[in-house]
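# Results of the structural survey
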Amino acid sequence: MASQPSQQYAYRAQKSTGLVGGTPDYNTIDSFPQPDVPTRTFKYSSDGRLFAYAVPTGVHIYQAESAQLLQELSLPNIVDISFSPRGTYLSTWERPIKLEDGAQHKNLRVFSASTGEELIAFSQKSQEGWELQYTISESHVVRLVGQEIQVFRPVEWSKGIIDKLKVEGATSITLSPGLNPSLAVFVAEKKGQPASLKIYSLTSLSAPPTCQKTFFKAQRSQIKWNTLGTQVLVLTQTDVDQANKSYYGETGGLYLLSAAGNFDCRVPLDKEGPVHDITWSPNSKEFGVIYGYMPAKTMLFDQRVRSLHDFGPAFCNFISFNPQGRLIAIAGFGNLAGKVDIYDRRTLTKVTTIDASNTSHCEWSPDGRFLLTATLSPRLRVDNGIKIWHCTGPLVHVQPIDELYQTSWRPTPVDALPAFPPAIPPAPAPAASVEQNATVAKPTPTRPAGAYRPPGARGLEASSAYKREDDAPSGGSTPNGRFSRSPAPGRFQNGRRHVPGAPTSPSPVRHAGEQDKRGRKKKGPKENKKDNLTAVNGKGNANGEASVRPSIDIPSLNGDVEGTAAAANGEVPMTPGADNGLDPAAKKIRNLNKKVREALLDVYEIHLKAIEDLKEKQKKGERLEATQLKKIDTEAEIRKELATLGISS
């Protein structure tokens, strides 16, 4: 190993494209010229030797380490580009157009990366799966055309197709890495026929498949080979979930197959829900799976589908080994909080937790010591930028970039870098960018303390029946299902004045001459006549509608309601029945206090009935929530307040 390559990363934004050097300074590479126009995409070669980007006028190829321009291809309207594994060939794809002479537009072209010469061209209508698949040695290349698999030899492009295989109903192919490449061919289910996966040896396509398996619930698949190309994971999915549990379709199953055909097995997933992510370890001997409804379950399996470790339930949907296979990152991105847990594979203990909120791209550095997280547009259009974290947790670099579209580390072969040490290395000193951006960081909004209270109940003392600890689980429902939304303060509801902050209940229908349950009698004809006259003069209108009045302060429940209200207005409490000598204001206050008293009695009755119901459930052995048990404890307090009001319960 003559010299160690730098840990470089590239980024592409609306107004800029650049290369940035690695630790410890993370300085921009000044020798790289900024494009004058926005770039459409960029790619590193798999060995990290070359870097290319596409602009509306063509494609530029650079030496990645020195940022020296090697080739400039005048190719307008290029949408996507791709390198071969060793960077020998560059493929480009553009949107197909209709030619004037009626000929087929060859929109997939292959060039020599060193000379810029066009070697061959194909017609490829769809951008999905457009890339040519090369063997790791670049000895062969394959592509799927309709239902036919075509094989080429890159050193002899002019000879055309050297081998081909037609597979009825083939929808996708995946070429394995490794020195003995195999080809996995997936056939989706159609018209009641099950889906299938067949594995062929690339050197003998005409021979029967070395391994094949059929599946149901498999309209599409995700196929992942291990690094050696000896085993493959197949995740099958449907486009529509018949149970309507997921918008994204239903997971059919996860299977492990051997390329040699001597082993195949369905991976046992013991929690219902989708498979969020799967990944192979770089050692090709184990793989990780995140599956199940949130909080999801994360498991580690070996190459014989034996369970190695259960990381427990967590809100996560992303798992990735570092290139050396020593560390595992388990995170929750997208609509999850962005927490990243890093585990040591040797001890299976957690190393640290990183808070990388709003992350839409996460990637390990080639040396396995740093984690790059980025917030990309258009997934999120605010706070776009790049953050680099050390594997022990500290933030070492920050680069805010407006409208950031793409970023990635420069690939580097593992054997070209120093080995990961036995002990996890300490974090280096953070770059100057961390301190600079910390000074302008936005303040984190603090969560308001206490439970939410509606506007009508704010500023008033809540009943202890509604209080609960912040850490206690919430109950299944409100104390009584008959509660409705509180009306505006000062309005009448069901013939009674609304008390701000108190729940309401419908008034029972009473007939003439019927005695109230609490022992109170209905008003006589004279009292009704007097009340009707009062309603016309001051409390209502001729149509019987209640007029809007400002709400009044409600006194404490731990005293005489009527006497307290009268004392608050500077008057001596009146003797019941002594109407003579009262001015209109005192009469109104007395009537209001009566209505408040009746409303409080209704509330207490509802509470006591709910408490009795909870006691019955408790006697039957049902499990009650913490808030329900706390409500039962308030029975003595409620009965004490009823006794204070002169009511026996």
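Quick caveat, the model's predicted, so the values are computed rather than measured.

### Details of the overall build of the protein chain
Looking only at helices and strands, the protein chain features 6 helices and 37 strands. Pairs at least 24 residues apart make up 44% of the contacts formed inside the protein chain by residues separated by at least 6 positions. Total accessible area on the protein chain is roughly 35600 Å²; 51% of this is exposed by carbon and sulfur atoms.

### Brief notes about the sheet that holds strand 16 (residues 182–187)
Pairing is antiparallel across the open sheet formed by 4 strands, whose spatial order is 15-16-17-18. The open sheet has two edge strands, strand 15 (170–175) and strand 18 (211–215), and neither has a second partner. Within this sheet the neighbouring strands show an average axis-to-axis angle of 15°, counted without direction. Here strand 16 pairs with strand 17 (residues 195–201) via 6 bridges, running antiparallel. If you follow Phe-186 over to strand 17, its bridge partner there is Leu-197.

### Some words on helix 4 (residues 584–619)
Helical periodicity: at 3.6 residues per turn, an α-helix aligns residues three or four positions apart in one direction. Counted at 1.5 Å a residue, the expected span for helix 4 with its 36 residues is 52 Å, and the 53 Å between its end C-alpha atoms agrees. With its phi angle positive at about 90°, Gly-621 sits one or two positions after the end of helix 4.

### Quick look at the sheet that holds strand 9 (residues 108–112)
Across the sheet, 4 strands lie side by side as 7-8-9-10; this open sheet has antiparallel pairing. Of all strands in the sheet, those bounded by a partner on one side alone are strand 7 (78–83) and strand 10 (118–122). Between one strand axis and the next, the sheet turns by 20° as a mean value, whatever way the strands run. Bridge count for strand 8 (residues 89–94) against strand 9 is 5 bridges, and the pairing is antiparallel. Residue pairing for strand 9: Tyr-89 is matched across the bridge by Ser-112.

### Some details on helix 5 (residues 626–633)
Residues Thr-627, Lys-631 and Ile-632 constitute the buried set of helix 5. Projected onto a plane normal to the axis of helix 5, the buried residues spread over an arc of 145° and lie on a single side. On its buried face, helix 5 sits against helix 4 and helix 6 (635–644).

### Section: the packing of helix 4 against helix 5
Two packed helices can be described by the angle between their axes and the distance between those axes. Orientation of helix 4 relative to helix 5, taken along the N-to-C sense of each, is 120°, at an axis distance of 9 Å. As summarised for this structure, helix 4 and helix 5 are arranged oblique, according to the angle between their axes. Regarding helix 4 and helix 5, the two cross each other, and that crossing is left-handed. On the side of helix 4, the interface is formed by His-607, Ala-610, Ile-611, Leu-614, Lys-615 and Gln-618, while helix 5 contributes Gln-628, Leu-629, Lys-631 and Ile-632.

### A few points about the pattern of salt bridges
Summed over the entire model, instances satisfying the criterion amount to 19 salt bridges. When the shortest N-O distance is used, the salt bridge between Glu-156 and Lys-159 registers 3.3 Å. Under the relative-accessibility criterion, Glu-156 is labelled partly exposed at 27%. Relative accessible area serves as the criterion here: at 57%, Lys-159 is assigned to the exposed category. Two residues, Asp-310 and Lys-297, come together in a salt bridge whose shortest N-O distance is 3.8 Å. A residue pair is termed long-range when its members are at least 10 positions apart, and Asp-310 in strand 26 (residues 307–314) and Lys-297 in strand 25 (residues 296–302) qualify at 13 residues. Each of Glu-612, Lys-615, Glu-635 and Arg-639 takes part in a single network of salt bridges with overlapping partners.

### Observations regarding unusual backbone geometry
Cis peptide bonds are those with omega within 30 degrees of zero, and the linkage from Thr-23 to Pro-24 qualifies with 5°. Along the chain, Pro-24 turns up in the loop between strand 2 (17–20) and strand 3 (41–44). A cis geometry characterises the amide bond from Ser-377 onward to Pro-378, with omega recorded as 5°. Of note, Pro-378 is situated in the loop between strand 32 (370–375) and strand 33 (385–390). A positive phi angle is found at Lys-191, which is not glycine, with a value near 55°. Note that Lys-191 resides in the loop between strand 16 and strand 17. One non-glycine residue, Lys-217, adopts positive backbone phi at about 55°. In this structure, Lys-217 sits in the loop between strand 18 and strand 19 (220–225).

### Focus: the pairing of strand 4 (residues 50–55)
Looking along a regular strand, one sees the side chains alternate between the two faces of the sheet. Counting buried positions along strand 4 yields 6 of 6 residues, so the element is predominantly enclosed. Where strand 3 hands over to strand 4, the hairpin turn is made up of 5 residues, of which Gly-48 adopts a positive phi near 75°. Pairing analysis gives 6 bridges linking strand 4 to strand 5 (residues 58–63), with the strands arranged antiparallel. Residue pairing for strand 5: Val-55 is matched across the bridge by Gly-58. As consecutive antiparallel partners, strand 4 and strand 5 are separated by 2 residues.

### So, the confidence of the model for the protein chain
The predicted model of the protein chain has a mean per-residue pLDDT of 81, with 77% of residues at 70 or higher. Across residues 468–492, where pLDDT falls below 50, the model places 50 contacts with residues more than four positions away in sequence or in other chains. Low pLDDT, under 50, characterises residues 512–519; the predicted model gives this stretch 9 contacts beyond four residues in sequence or across chains.

### Topic: the pairing of strand 7
A large share of strand 7 lies buried, amounting to 6 of its 6 residues. Strand direction decides the pairing type here: strand 7 and strand 8, joined by 5 bridges, are antiparallel. Its bridge partner lying in strand 8, Phe-83 is registered against Leu-90. Joining the antiparallel neighbours strand 7 and strand 8 is a turn of 5 residues, in which Gly-87 adopts a positive phi near 75°.

### A closer look at the side chain of Gln-237
In this fold, Gln-237 is placed in strand 20 (residues 231–237). On the accessibility criterion, Gln-237 (17% relative accessible area) is buried. If sequence neighbours within four positions are ignored, Gln-237 has contacts with Lys-217, Ala-218, Gln-219, Arg-220, Glu-250, Thr-251 and Gly-252.

### Points about the side chain of Thr-359
Following the sequence through the fold, Thr-359 ends up in the loop between strand 30 (349–355) and strand 31 (361–364). Engagement of the side chain of Thr-359 in a polar contact is seen with the backbone oxygen of Ala-356, the distance being 2.6 Å. Those residues in contact with Thr-359 that lie beyond four places of it in its chain are Phe-333, Gly-334, Thr-373, Ala-374 and Thr-375.

### Examining the packing of aromatic side chains
Summed over the entire model, instances satisfying the criterion amount to 18 aromatic pairs. When the ring of Tyr-53 is compared with that of Tyr-62, the centres are 5.8 Å apart and the planes differ by 20°; the resulting orientation is stacked. For the pair Tyr-53 and Tyr-62, one class covers both residues: buried. Taken together, a centroid distance of 6.1 Å and an interplanar angle of 5° make the contact between Tyr-89 and Tyr-134 stacked. Of this pair, Tyr-89 sits in strand 8 while Tyr-134 is found in strand 11 (residues 133–134), placing the two residues 45 residues apart along the sequence. Across the pair, Tyr-134 and Tyr-89 agree in class, each one buried. One cation-aromatic arrangement involves Arg-304 over Phe-263; the distance from NZ or CZ to the ring centre is 4.5 Å.

Cut-offs applied
Residues numbered from 1 in each chain as written. Predicted model: local features only at pLDDT ≥ 70, side-chain atom pairs only at ≥ 80, totals over all residues. Heavy atoms only, no water. Helix = DSSP H or I, 4+ residues; strand = E, 2+ residues; numbered from the N terminus. Contact = heavy atoms within 4.5 Å. Areas by Shrake-Rupley, 256 points an atom, 1.4 Å probe, with all protein chains shown as cover. Pairing = 2+ DSSP bridges. Axes fitted to C-alpha atoms, helices over the stretch in contact; angles between N-to-C directions. Expected span 1.5 Å × (residues − 1). Buried < 20%, exposed > 50% of the residue type's maximum accessible area, 1.4 Å probe, protein only. Arc of directions from axis to C-beta. Parallel < 35°, antiparallel > 145°, perpendicular 65-115°, else oblique. Left-handed = near helix turned anticlockwise from the far one by under 90°. Salt bridge = Lys/Arg side-chain N within 4 Å of Asp/Glu carboxyl O. pLDDT = per-residue confidence, 0-100. Polar contact = N/O pair within 3.5 Å; in protein donor to acceptor, adjacent residues only side chain to side chain. Phe/Tyr/Trp six-rings, centres within 6.5 Å; stacked < 30°, edge-to-face > 60°. Lys NZ or Arg CZ within 6 Å of the ring centre and 35° of its normal.

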